[in-house]
Amino acid sequence: MSEYKSKIQSNNERPILVSQKEIKRRRRINSEVLANFAVDNIPINLDTQHIFTDYAEGRVATTEEVDALIYAHYTKISF
């Protein structure tokens, strides 16, 4: 699992795929969601947070790609 995690986290070297205006919008939405989690005392999953951060920073272009990355993460974990 650590090998898989290191491959995903190395995606921080990915290029920015959206406009600065879109990044600003995504950052605002991301901060609002995190604030709602904090108010409701919902813990953040640190193993997947980097996927949402990459989306907010424009390194992931679509929500479909986010879905695929989340799905890949959870199907690789053995319980």
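Right above here is the structure, for reference.
What counts as what
- Residues numbered from 1 in each chain as written.
- Predicted model: local features only at pLDDT ≥ 70, side-chain atom pairs only at ≥ 80, totals over all residues.
- Heavy atoms only, no water.
- Helix = DSSP H or I, 4+ residues; strand = E, 2+ residues; numbered from the N terminus.
- Buried < 20%, exposed > 50% of the residue type's maximum accessible area, 1.4 Å probe, protein only.
- Expected span 1.5 Å × (residues − 1).
- Arc of directions from axis to C-beta.
- Core = buried A, V, L, I, M, F, W, Y, C linked by side-chain atoms within 4.5 Å.
- Contact = heavy atoms within 4.5 Å.

With that out of the way, let us pick up the environment of Glu57. Position of Glu57 relative to the elements: it lies in the loop between helix H3 (49-56) and helix H4 (63-76). Owing to a relative accessible area of 22%, Glu57 belongs among the partly exposed residues under this scheme. When the C-alpha positions of Glu57 and Ile23 are compared, they lie 5.7 Å apart, and in sequence the two are 34 residues distant.

As a further point, take helix H2 (residues 20-39). In this model H2 runs 29 Å from its N-terminal to its C-terminal C-alpha over 20 residues, within 8% of the 28 Å that 1.5 Å per residue would give. For H2, the complete set of buried residues consists of Ile23, Arg26 and Asn30. Along the axis of H2, the buried residues cluster in a sector spanning 65 degrees; they form a single face. Facing away from the buried side of H2 by more than 90 degrees, the exposed set consists of Lys21, Lys24 and Val39.

Counting residues in each nonpolar core, the largest one holds six residues, listed as Ile51, Tyr55, Val60, Val66, Leu69 and Ile70. Among the elements of the structure, H3 and H4 are those that each provide at least two residues to this core. Take this core: its biggest share by element is three residues, from H4. Apart from residues lying up to four places away in sequence, Ile70 is in contact with Thr48, Ile51 and Phe52.

Shape descriptors only; they carry no functional weight alone.
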